[in-house]
Amino acid sequence: MAYWLFKTEPDVFGWDDLVARGDQGEEWDGVRNYQARNNMRVMKKGDLGLLYHSNQGKEAVGIVEVIAEIHPDSTTDDTRWECVDIKAVQPLPRAVSLAQVKSEPRLTSMALVSNSRLSVQPVTDQEWKIVMELAGL
DNA sequence: GCCAACGTTGGC
DNA sequence: GCCAACGTTGGC
C-alpha cells in the first residue's frame, strides 16, 4: 500500500467538508497538473493519504483513504484530466504543521518541503511513520 | 500584499 | 526544441 498527500485550501474545500461527505467521499477534481495527475493514476483503492491545508493552517489535519481509482474528472471535457475519489478516515490527534515538517531532520526530503507547489504528492513509508508519530498516532 | 519557484504557452 | 513571457501557487 502506498501513501500520499493531498493539498487543499480549507477556504474552498477543507477537512470539515470532506468529513461532511461521509463514506461517499469526494471526487478530487480540479487538478490541472500532470505530475499531480500522474500520482493519482497509480493510486490504488485503500491507499492512505494526508490531507494538508495550504494557506490557512499550513498543516496536515487528517487521514484520508482512496475509495475510487482514476477516472475522468467530471468538471471538464478535457480527457487529459482525471482524478480519484477520497474519503475522510480520521482526524490527526495533533495536526502536523509545515514548520514541524521543516524542522524534523528526517522529513527534509518530503515533497511538501522540496516541491511545495505540487498538489498531490507521494509520501514514503518512512515519512508516513514519522508524521504519524508527530501526530500522536 | 509581495515575491520566489515553478509550470505552461507560444513565437521563433 | 529553445526560451522568454506569463500565470499560478503558496509561504511569509
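This text follows the structure it describes.
**Quick notes on the pairing of strand β3 (residues 48-53)**
Among the 6 residues of β3, 5 are classified as buried, and the element is accordingly described as predominantly covered. Bridge count between β3 and strand β4 (residues 59-72): 6 bridges; the pairing is antiparallel. When the bridges of β4 are listed, Leu48 appears paired with Glu65. Count of turn residues in the β3/β4 antiparallel hairpin: 5 residues, of which Asn55 carries a positive phi of about 65°.

**Considerations on the protein's contact with DNA strand B**
Every residue close to DNA strand B is listed here: Asn33, Tyr34, Gln35 and Arg117. Tallied by class, the residues present in the surface near DNA strand B amount to 1 nonpolar, 2 polar and 1 charged.

**Description of the protein's contact with DNA strand C**
Surveying the vicinity of DNA strand C reveals the residues Lys7, Ser54, Asn55, Lys58, Leu98, Ser116, Arg117 and Ser119. Residues belonging to the surface near DNA strand C are distributed by class as follows: 1 nonpolar, 4 polar and 3 charged.

**A closer look at the sheet that holds strand β5 (residues 82-97)**
Remark on secondary structure: sheet strands pair via backbone hydrogen bonds, oriented parallel or antiparallel. Sheet architecture is open: 6 strands sit in the order β2-β5-β4-β3-β1-β6, paired in mixed fashion. In the strand order of this sheet, the two ends are held by β2 (26-27) and β6 (120-123), each with one partner. When β2 meets β5, the two strands line up antiparallel, connected through 2 bridges. Opposite Glu26, over in β5, you have Ile86 as the bridge partner.

**Quick look at unusual backbone geometry**
Residues apart from glycine generally show negative phi values, whereas peptide bonds are mostly found in trans. Its identity is not glycine, yet Asn55 carries a phi of approximately 65°, on the positive side. Relative to the helices and strands, Asn55 is located in the loop between β3 and β4. Within the chain, Lys58 stands out as a residue other than glycine whose phi angle is a positive 50°. The topology assignment puts Lys58 in the loop between β3 and β4. Under the C-beta neighbour-count criterion, Lys58 is labelled partly exposed, with 14 such atoms within 10 Å.

**Focus on the nonpolar core**
Judged by nonpolar contacts, the single largest core of 32 residues is most densely connected at Phe6, Leu50, Leu51 and Ala60. Mapped onto this core, the elements with two or more residues apiece are β1 (3-8), α1 (15-21), β3, β4, β5, β6 and α5 (125-135). In terms of residue count, the dominant contributor to this core is β5 (6 residues). Other than its neighbours up to four places away in sequence, Leu51 contacts Phe6, Thr8, Trp15, Leu18, Ala60, Val61, Gly62 and Val64.

Cut-offs applied
Residue positions are given per chain, counted from 1 along the sequence in the order it is written. Both sets of labels track the order of writing: A upward for chains, 1 upward for ligands. The predicted nature of this model means local features are confined to residues of pLDDT at least 70 and side-chain atom pairs, given and counted, to a pLDDT of 80 or more, with totals for whole chains, interfaces and linings taken over all residues. Partly exposed residues are those falling between the two cut-offs: more than 12 but fewer than 20 other C-beta atoms within 10 Å of their own, whereas 20 or more means buried and 12 or fewer means exposed, with C-beta atoms placed from the backbone. Each helix is a run of DSSP H or I of at least 4 residues and each strand a run of E of at least 2, with the numbering of both proceeding from the N terminus. Only strands joined by at least two bridges in the DSSP assignment are considered to pair. Each residue receives a C-beta atom built from its backbone; the residue is near a molecule or strand if that atom lies within 6 Å of it. Residues are grouped as follows: nonpolar covers Ala, Val, Leu, Ile, Met, Phe, Trp, Tyr, Cys and Pro; charged covers Asp, Glu, Lys and Arg; every other residue, Gly included, is treated as polar. By our criterion, buried Ala, Val, Leu, Ile, Met, Phe, Trp, Tyr and Cys residues that link up through C-beta atoms within 7 Å make up a nonpolar core. Contacts are defined on C-beta atoms placed from the backbone: any two residues whose C-beta positions lie within 7 Å are in contact.

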